[in-house]
Amino acid sequence: MATLRETAEKYAPLTDAEAEWLALLTADWQIIADLSFADLVMWHAVDDGFVAIAQCRPSTGPTVHQDDVVGTMAAPGRVAHLQRALDEGGITASREPRWDETYAVREDALPIVMDGRRIAVLTREVSQAVSRSSSRLELNYKGAADDLLHMITRGEFPTQMSVTGSRRGAPRVGDGVVRLDAAGHVTYASPNALSCFHRLGVTGSLMNRSLPRVTSELITDKGHIDETLAMVVMGRAPWRADIEANGATLSMRAIPVTEHGERIGAVLLCRDVSELRRRERELITKDATIREIHHRVKNNLQTVAALLRLQSRRVEAPEAKEALAEAMRRVSTIALVHETLSGTLDELVNFDDLAARSMRMAADVASSGVQVKLLREGDFGLIPAQYASSLALVMTELVTNAVEHGFEGRELGTITVTARRDDEAHLHVVIADDGVGLSTEPSGLGSQIVRTLVENELGGAIVWRRTETGSEVDVRAQVGD
């Protein structure tokens, strides 16, 4: 999908600043469309007229344009109206409604101003097919929309510090609208907005009441009043803030209304996000619980490894000492996986870091008078937690086996681990060494553990082979669905 700038520059160039300003406006103009009950279309001046480079449909009423108009040229009969708006600098109403198929469309045009320069034209288009009664809600919505449109003609909207991101729970026009004067007194509150404040514990009407005073009375802990909240309920800054009271949570967004730089009021959007915030807190608690579980499992496994170490000191038989050392190494590898999971917010392991630590640990423990150089090529990527422990054990066992049996009688050795993701779900790993090479396929306990893990837990296959420079193990594993 082409960006606004790419669409515009098919016909005429835009500067970086102009493109950024127009993109900032389109990121926030859904509010104006909803308040106006109208479609918005942005027009870019070209040599032979005007071309539509962006459009926005209202979510509060019917649309004028059933088909997209982006990339189309303005009809010849509309060019004079668009040019007049660009020349005169204010909101210009069309002299007569235009007809689209079977219904009339009333159109207002205005220039989009940036740093005192008129860089494009915006049209507000309303279908006359549906007659609307001038209800109090509609009059106030359109009044708020007119305030914002006039700000566009003066280059005062959008604002660079406005919070136009897609944060979850962001309030919209349909959720509730409050209009404030310069002192923060309510001049209008929509029925939905009034319901939101009633859930917080506000009683009676909000009309002519000071919204900062109303909200401050709801906050029980006066020593922890958020400065952001105070700025939002006064309408002084284009920010968002949440307020919690009476078991409910209200998200609010302020849009200051200015006239030649002087703040004359504000439009406040509000939304009851009690259920959304409750779910977010549950998820945070769940994540914290999972991390704590991983942390405790890691601690318990480290305790088991310490007990095995103590036991090995009491054993005299070399075979028993070796078996206990192998058990300690395997337990420590699994503990390393849980240590990694205890520090992440999701159930994915950055296996490149884990592999580097576990293989280095395995090589250091297994080497006896041999200096082993570990090389790694490629990336393991992110591995789901349910596969991470098995894969870590496989890598540790294979590296240990290469060190213990591949470099007998040598002082130096190199192990190269090459990892490649065939796709998101499949991993291909090759562990190669420059040792003495395999005479037969290994059949010890370690190799049996590896084969079982690869085939049963990782749904893959493993092959040992002798090479001209030593030996290598080819492992193919499934690490995703």
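A quick note: this is a predicted structure, and the numbers were derived from the prediction, not measured. Numbers given for residues are sequential positions, taken from 1 along each chain in its written order. Per-residue local features of the predicted model are confined to residues with pLDDT of at least 70, and side-chain atom pairs are confined, for both listing and counting, to 80 or more; whole-chain, interface and lining totals are unaffected and use all residues. Side-chain measures were taken over the full set of non-hydrogen atoms in the model, leaving aside hydrogen atoms and water.

## Observations concerning helix 13 (residues 445-457)
Stated precisely, the cut-off is as follows: For helices the rule is a DSSP run of H or I covering at least 4 residues; for strands it is a run of E covering at least 2, with both sets numbered from the N terminus onward. By definition here, a helix of n residues has an expected span of 1.5 Å times n minus one. Whether a residue is buried, partly exposed or exposed follows from its accessible area with a 1.4 Å probe, protein chains only, as a fraction of its type maximum: under 20%, in between, or over 50%, in that order. What the arc measures is the spread of directions leading from the helix axis to the C-beta atoms. Should any heavy atoms of two residues lie within 4.5 Å, those residues are considered in contact.
Between the first and last C-alpha of helix 13 there are 17 Å, a value that for 13 residues agrees with the 18 Å anticipated at 1.5 Å per step. Every buried residue of helix 13 is accounted for by Gly 446, Ser 447, Val 450, Leu 453 and Val 454. One side of helix 13 carries all its buried residues, which in axial view fall inside an arc of 130°. Along helix 13, exposed side chains directed more than 90 degrees from the buried face belong to Leu 445 and Asn 456. The inward-facing, buried residues of helix 13 contact helix 10 (318-341), helix 12 (385-406), strand 17 (461-466) and strand 18 (471-478). Positive backbone phi, approximately 55°, marks Gly 459, located one or two places after helix 13.

## Section: the sheet that holds strand 8 (residues 186-189)
The line we're drawing: DSSP calls a pair of strands paired once it identifies at least 2 bridges connecting them. As a rule, the C-alpha atoms of each element are fitted with a line to give its axis, helices using only the stretch in contact, and angles between N-to-C directions run from 0 to 180 degrees.
Taken in spatial order, the five strands of this open sheet run 8-7-11-10-9, and their pairing is antiparallel. Each having just a single partner strand, strand 8 and strand 9 (240-245) make up the two edges of the open sheet. In this sheet, adjacent strand axes meet at a mean angle of 25° when their direction is disregarded. Along the sheet, helix 7 (residues 211-218) contacts strand 7 (177-181), strand 8, strand 9 and strand 11 (262-272); its crossing angle with strand 9, the most-contacted strand, is approximately 45°.

## Some remarks on the nonpolar core
Rule in force here: Put simply, a nonpolar core is a bunch of buried Ala, Val, Leu, Ile, Met, Phe, Trp, Tyr and Cys residues held in one set by side-chain atoms that sit within 4.5 Å of each other.
In this structure, Phe 351, Phe 380, Met 395, Leu 398, Ile 415 and Val 429 are the most contacted members of the largest nonpolar core, which totals 43 residues. Breaking this core down by element, the ones donating at least two residues are helix 10, helix 11 (351-366), helix 12, strand 15 (412-421), strand 16 (426-433), helix 13, strand 17 and strand 18. The biggest single contributor to this core is helix 12, with twelve residues. In this structure, Met 395 is in contact with Phe 351, Met 359, Phe 380, Val 417, Val 429 and Ile 431, ignoring residues within four places of it in sequence. Listed in part, the 42 residues of the second largest apolar core include Ala 12, Trp 21, Trp 29 and Leu 110.

## Comments concerning the environment of Leu 458
The topology assignment puts Leu 458 in the loop between helix 13 and strand 17. Between the C-alpha atom of Leu 458 and that of Phe 157, which follows or precedes it by 301 residues, the distance is 56 Å. Those residues in contact with Leu 458, other than ones at most four positions away along the chain, are Tyr 387, Ser 390, Leu 391, Val 394, Leu 453, Ala 477 and Gln 478.

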